[in-house]
Amino acid sequence: MTANDPSPHHLQLTRDGQLRHFLTLDGLDRELLTDILDTADSFIEVGERTIKKVPLLRGRTVVNLFFESSTRTRSTFELAAKRLSADVLNLDISTSATSKGESLSDTLLNLEAMASDMFVVRHSQSGAPHFIAESVTPGVAIINAGDGRHAHPTQAMLDMLTIRQHKGTFEGLKVAIVGDVLHSRVARSQIRALNELGAAEVRIIAPGTLLPKDVESLGCTIEYDMAKGMKDLDVVIMLRLQKERMEGALLPSEREFYRLYGLSQEKLALAHPDCIVMHPGPINRGVEIESAVADGPHSVILNQVTNGIAIRMAVMSMAMGGQVAERQRKQSERARS
Amino acid sequence: MSVTEQHEGASLKIVGGRLIDGNGAESDNVALLIRDGRIAATGDDARRATADETVTAEGCVIAPGFVDLCCNLREPGNGQKGNIASETRAAAHGGFSTVCASPETSPVNDSGAVTHLIRDVAATRSPIHVLPVGAVTRGLEGDLLSDMAGLAAAGCVAVGNGSKGVRNARILRRCMAYAQTFGLTVMFSPENLALAADGYAHDGLVTSRLGLLGIPEVAETTAVMEMILLAEETGVRLHLSQLSCARSVEMLAEARQRGVAVTADVAMHQLLFTESALAGFDSRFHVRPPLRREEDRKALIAGVRAGTIDAIVSQHQPHDSAAKQAPLAATEPGLSSVESVLSLGLELVELNEMTLPELVRALTSGPAAAIGRKASLQEGEIADLCVFDPAEYWTPDNNTLVSAGRHAPVTGRELPGVVRLTVAAGRIAWQQPAS
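Source: prediction; values computed, not measured. (Residues numbered from 1 in each chain as written. Chains lettered and ligands numbered in written order. Predicted model: local features only at pLDDT ≥ 70, side-chain atom pairs only at ≥ 80, totals over all residues. Heavy atoms only, no water.)

Engineer: What should I look at first to understand the overall build of chain A in this one?
Structural biologist: A count of helices and strands for chain A gives 11 helices and nine strands. For 337 residues, the compact-globule estimate of 2.2 N^0.38 gives 20 Å, and the C-alpha radius of gyration of chain A, at 20 Å, lies within 12% of that figure. Principal-axis analysis of the C-alpha atoms places the extent of chain A at approximately 65 × 50 × 45 Å. A burial count over chain A gives 55% of its 337 residues as buried. For chain A, long-range pairs separated by at least 24 residues make up 74% of all intrachain contacts whose partners lie at least 6 apart in sequence. Working note: accessible area of chain A is about 14,000 Å², and carbon and sulfur atoms make up 49% of it. (Helix = DSSP H or I, 4+ residues; strand = E, 2+ residues; numbered from the N terminus. Rg over C-alpha atoms; globule rule 2.2 N^0.38 Å. Buried < 20%, exposed > 50% of the residue type's maximum accessible area, 1.4 Å probe, protein only. Contact = heavy atoms within 4.5 Å. Areas by Shrake-Rupley, 256 points an atom, 1.4 Å probe, with all protein chains shown as cover.)

As structure tokens, this is what we get:
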């Protein structure tokens, strides 16, 4: 007999299937993912207004808990929360309480005591937002802003929004993810989203040292040769390669990686003529991608950044809505009993 | 009086029930008389005898007391996690009359002085036998040989490196050769430190999906092969602790066939759970070696049934709640298990994955033989036994479990098998109160 499969996604949905936390894309069905994309679509025009605000989170307190620094992700979450009219507190935890020896549980208790409604969590350890979601008082929504190698669900969803804007549909799409999948939380979330939304094929193009064990089980095929992997592609997603990964016998050199797996105009020409090029940023020009490609007509990298705010607004408003609905349901249950 | 000394005076009679000896003997409607710490009479002789106390064991199984080759008692040192008194009491609740105390204490049990301390505390506070296992390297650092002569003289039944590895094969070889000098068995948990690196879960489907750092199967299998070859060369008696991979069982069987003096054990949780238990980042299942695949679990069970794996252990590691209250990677490995080993084994029996006599053998005569002891209920033997009702169910929770560990993976789950009585050297170590 084996243990049941206690997947983390059960934690993030209310009993009637609404979003309560946003920790992973695992277990979220196509309908819910499409809801997120549609809601984000409706928020895009907010950013084009003179007064860039809607009152959905007015009076709510959102705390950006970044245990690992990330200026870009934190800024987009902050902007998203402010455009929803929330009060925002930014905490760089890596330089505060926990570095003085306080446990994560104690840090959370203190933050909860400040009557927070939502924690946006970035952490270097896989599963940290899940742990926090299990630990916090009911009513506080947790949004995963990237945990270890596990998941970066808002990044994956903004990528999906960008793909949908350019391709209209996911049906029949051939998508490749190129580079350091082993260490990438984004790739895991992207593979999951693409499969759920109906992409025809998700290919991983990477050397053996940058592949997780049994990666095909995530729903993808493996290609070691980039020239072969680029064939018929509609979308190519380049992953960031951290320079420290060059050491520790994962790769011989930056130069060799670029020669074999860097995206040049020449390699891009092997894909479908309408192929779009994506990158979660920040990009390393000349390591993962050639400047002419990054700035070229196929690149949608800046669209991804713009869409990041809309996706985060969508997820935050939906999770808060789920928490409110859950609280009302419990109150009415209590009243009935 | 120490539990290790024979208990004089009071006598105890157990009547009724089904006796399952660890050596394959079985009989129904049993009678056992215990006097002076030993089995004084069996059968009609025992039935006719008078005793100070009589226990009726109708519907129960009477077995030799369970022997645990790997139990962390946390004393000296980590008092916040448990101590000899609390953890041996928990073990007695679980049917164990003997536990081997891991050398992972603070200070490490790497000298005769620490061994004496453990034995002294156990003599006054433990209701069961405590057999210390000494550290094979100083401070368990894996670099320098410990004072094995002193450890042997102070009463260590074996030497090992706990859950810590030995840095390289040259030191491992020297550890074995030196232990062999004193006739000590070496107990090693096989793990290649370089391959295991910073991992904390089986390198497979779940680690790939959740982005956890994996420990590959080869971290164990290469170490198993290395240890077997070195044991063969040095002639030391090798005990491989806590196997987790199917391939390890194959290599073990092959080595034994070749005549290598090697025994092995597996932790009970490895026989019940797989990597999928971590799918919800549940830190209670963060154990080392990690829970592996279903095919490994099945091969480990087959290894126990065939007798290739000699013993099932608890690998009990009590922790305070802070040790498990963190994101998975930051939690400490190990689970609180000594009270539920029998029940989990009975779940395997219920599922027809193992027979009851096979389970009893792996909890009694198998582990006892690995440390050169006997576990038998024949007349004249030391009276170490347990009586359990396999058909009664219980639901462990943190209020009823005795261990100071607060992270048993079985809490809230209805389990078969209630231990009614544990006797160590003729003394009652645990008896279920009359309802």
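There is more to say, and it comes next.
Engineer: Whenever I open this one, the overall build of chain B confuses me. Can you help?
Structural biologist: Regarding its fold elements, chain B presents 14 helices and 20 strands. Taken against the 2.2 N^0.38 rule, which gives 22 Å for 435 residues, the C-alpha radius of gyration of chain B at 21 Å falls within 12% of a compact globule. Referenced to the eigenvectors of the C-alpha coordinate spread, the extents of chain B come out at roughly 65 × 45 × 45 Å. If you take every contact in chain B between residues at least 6 apart in sequence, the share linking residues at least 24 apart comes to 74%.

Engineer: How do you make sense of the sheet that holds strand S18 (residues 385-394) of chain B when you look at a structure like this?
Structural biologist: The pairing of strands in a sheet happens through backbone hydrogen bonds and is either parallel or antiparallel. Residue and element names in this part refer to chain B. Read across the open sheet, the six strands follow the order S3-S2-S7-S18-S19-S20; overall the sheet is mixed. Here the strands that pair on one side only, and so sit at the sheet edges, are strand S3 (26-28) and strand S20 (427-431). Across the sheet, the mean angle from the axis of one strand to that of its neighbour is 25°, orientation sign disregarded. The sheet contact formed by strand S19 (residues 415-424) and S20 spans four bridges and is antiparallel. Looking at the pairing, threonine 422 lines up with tryptophan 430 of S20. (Pairing = 2+ DSSP bridges. Axes fitted to C-alpha atoms, helices over the stretch in contact; angles between N-to-C directions.)

Engineer: Help me understand the interface of chain A and chain B, please; the structure alone is not making it clear to me.
Structural biologist: Tallying the contact residues gives 26 residues for chain A and 29 residues for chain B. Here chain A and chain B share an interface that buries about 2,300 Å² over both sides, 58% of which is from carbon and sulfur atoms. The interface formed by chain A and chain B includes one salt bridge. One can count five residue pairs in polar contact (both at pLDDT 80 or more) joining chain A with chain B. Residue assignment for the side of chain A that touches chain B shows that the elements contributing at least two residues are helix H3 (104-112) and helix H4 (128-135) of chain A. Top contributing element to the side of chain A that touches chain B by residue count: H4 of chain A, with three residues. Tallied by class, residues from the side of chain A that touches chain B come to nine nonpolar, 11 polar and six charged. (Buried area = accessible area lost by both parts, 1.4 Å probe. Salt bridge = Lys/Arg side-chain N within 4 Å of Asp/Glu carboxyl O. Polar contact = N/O pair within 3.5 Å; in protein donor to acceptor, adjacent residues only side chain to side chain. Nonpolar A, V, L, I, M, F, W, Y, C, P; charged D, E, K, R; others polar.)

Engineer: Hey, could you run me through the confidence of the model for chain B in this one?
Structural biologist: Atom-level detail of predicted coordinates should not be read off regions where pLDDT is low. Across chain B, the average pLDDT comes to 94, with 98% of residues at or above 70. We note a pTM of 0.92 for the whole complex and an ipTM of 0.88 for its interfaces. (pLDDT = per-residue confidence, 0-100.)

Engineer: Sorry, what's going on with the confidence of the model for chain A here?
Structural biologist: Across chain A, the average pLDDT comes to 90, with 94% of residues at or above 70. Predicted confidence is poor over residues 1-6 of chain A, with pLDDT under 50, and the contacts of this stretch with residues over four places away or in other chains come to 23 contacts.

Engineer: Help me understand unusual backbone geometry in this model?
Structural biologist: Glycine aside, the phi torsion of most residues is negative, and most peptide linkages are trans. All names here are of chain B. Backbone torsion omega between serine 106 and proline 107 reads 5°, so that peptide bond is classified as cis. Among the secondary structure elements, proline 107 is positioned in the loop between strand S9 (96-101) and helix H3 (112-125). In this structure, the amide linkage connecting arginine 288 to the following residue, proline 289, adopts the cis form with an omega of 0°. Within the secondary structure layout, proline 289 lies in the loop between helix H10 (268-272) and helix H11 (294-306). For alanine 197, which is not a glycine, the phi torsion comes out positive at approximately 45°. Relative to the elements of secondary structure, alanine 197 occurs in the loop between helix H6 (193-196) and strand S13 (201-202). We note that phenylalanine 281 has phi near 55°; this positive angle belongs to a residue other than glycine.

Engineer: Just checking my understanding: could you explain the environment of alanine 329 of chain B for this structure?
Structural biologist: By the secondary structure assignment, alanine 329 of chain B is in the loop between strand S17 (311-313) and helix H12 (341-350). By relative accessible area, alanine 329 of chain B is classed as partly exposed at 27%. Ignoring any residue separated from it by four or fewer positions in sequence, one finds alanine 329 of chain B in contact with Gln125 of chain A together with Tyr200 of chain B.

Engineer: Would you mind showing me how to read the packing of helix H5 (residues 169-181) of chain B against helix H8 (residues 217-234) of chain B here?
Structural biologist: Packed helices, taken two at a time, are described by their axes: the angle between them and the distance between them. Residue and element names in this part refer to chain B. Two elements in contact, H5 and H8, have axes separated by 9 Å at closest approach and are oriented at 40°. Taken together, H5 and H8 sit at an angle that is classed as oblique. Crossing of H5 against H8: the hand is right-handed. Contact residues: H5 offers Ala169, Leu172, Arg173, Met176, Ala177 and Gln180, while H8 offers Glu226, Met227, Leu230, Ala231, Glu233 and Thr234. (Parallel < 35°, antiparallel > 145°, perpendicular 65-115°, else oblique. Left-handed = near helix turned anticlockwise from the far one by under 90°.)

Engineer: Teacher, can you tell me more about the side chain of asparagine 72 of chain B here?
Structural biologist: By the element assignment, asparagine 72 of chain B lies in the loop between strand S8 (66-71) and helix H2 (84-93). Setting aside its immediate chain neighbours within four residues, asparagine 72 of chain B contacts Glu87, Ser102, Glu104, His316, Gln317 and Pro318 of chain B.

Engineer: How do you make sense of the pattern of salt bridges when you look at a structure like this?
Structural biologist: If the charged atoms of two oppositely charged side chains come close together, the side chains can form a pair. All names here are of chain A. What the rule picks out here adds up to 41 salt bridges over all chains. For the salt bridge of lysine 82 with glutamate 78, the shortest nitrogen-to-oxygen distance reads 2.8 Å. With lysine 82 and glutamate 78 both in helix H2 (residues 71-83) and four residues apart, the pair spans about one turn of that helix. Overall, the relative accessible area of 36% leaves lysine 82 in the partly exposed class. Close ionic contact of arginine 329 with glutamate 326 constitutes a salt bridge, the shortest N to O distance being 3.4 Å. A residue pair is termed a helical-turn pair when its members lie 3 or 4 positions apart in one helix, as arginine 329 and glutamate 326 do in helix H11 (residues 301-336) at three residues.

Engineer: Where do I start with the sheet that holds strand S16 (residues 262-267) of chain B in this structure?
Structural biologist: All names here are of chain B. Within the open sheet, the eight strands sit side by side as S8-S9-S10-S11-S12-S15-S16-S17. Their pairing is parallel. The sheet is open, and its two borders are formed by S8 and S17, each paired with just one other strand. Going from strand to strand, the sheet's axes swing by 30° on average, the running direction of each strand aside. Packing of H5 onto the sheet brings it into contact with strand S11 (158-160), strand S12 (185-188) and strand S15 (238-240), and relative to S12 it is tilted by some 150°.

Engineer: When you look at H3 of chain A in this model, what are you seeing that I'm missing?
Structural biologist: For an α-helix the count is 3.6 residues per turn, leaving residues at separations of three or four pointing the same way. Residues and elements named next belong to chain A. Of the residues making up H3, those classed as buried are Leu104, Ser105, Thr107, Leu108, Leu111 and Glu112. Taken end-on, H3 shows its buried residues confined to a sector of 160°, consistent with a single buried face. Buried residues belonging to H3 abut strand S1 (61-66), strand S2 (87-92), strand S3 (118-123) and H4. (Arc of directions from axis to C-beta.)

Engineer: I would appreciate a short explanation of the packing of H3 of chain A against H4 of chain A in the present structure.
Structural biologist: All names here are of chain A. Contact geometry of H3 with H4 gives a least axis separation of 11 Å together with a crossing angle of 55°. Overall, the two elements H3 and H4 adopt an arrangement that is oblique. Where H3 crosses over H4, the handedness of that crossing is right-handed. Of H4, the residues touching H3 (which contributes Leu104, Ser105, Leu108 and Glu112) are Phe131, Ile132 and Ser135. Residue classes in the contact of H3 with H4 are distributed as four nonpolar, two polar and one charged.

Engineer: What's the story with the environment of glycine 172 of chain A in this structure? I'm lost.
Structural biologist: Relative to the assigned elements, glycine 172 of chain A resides in the loop between helix H5 (153-167) and strand S5 (174-178). Note: C-alpha distance between glycine 172 of chain A and alanine 113 of chain A (59 residues apart in sequence) is 49 Å.

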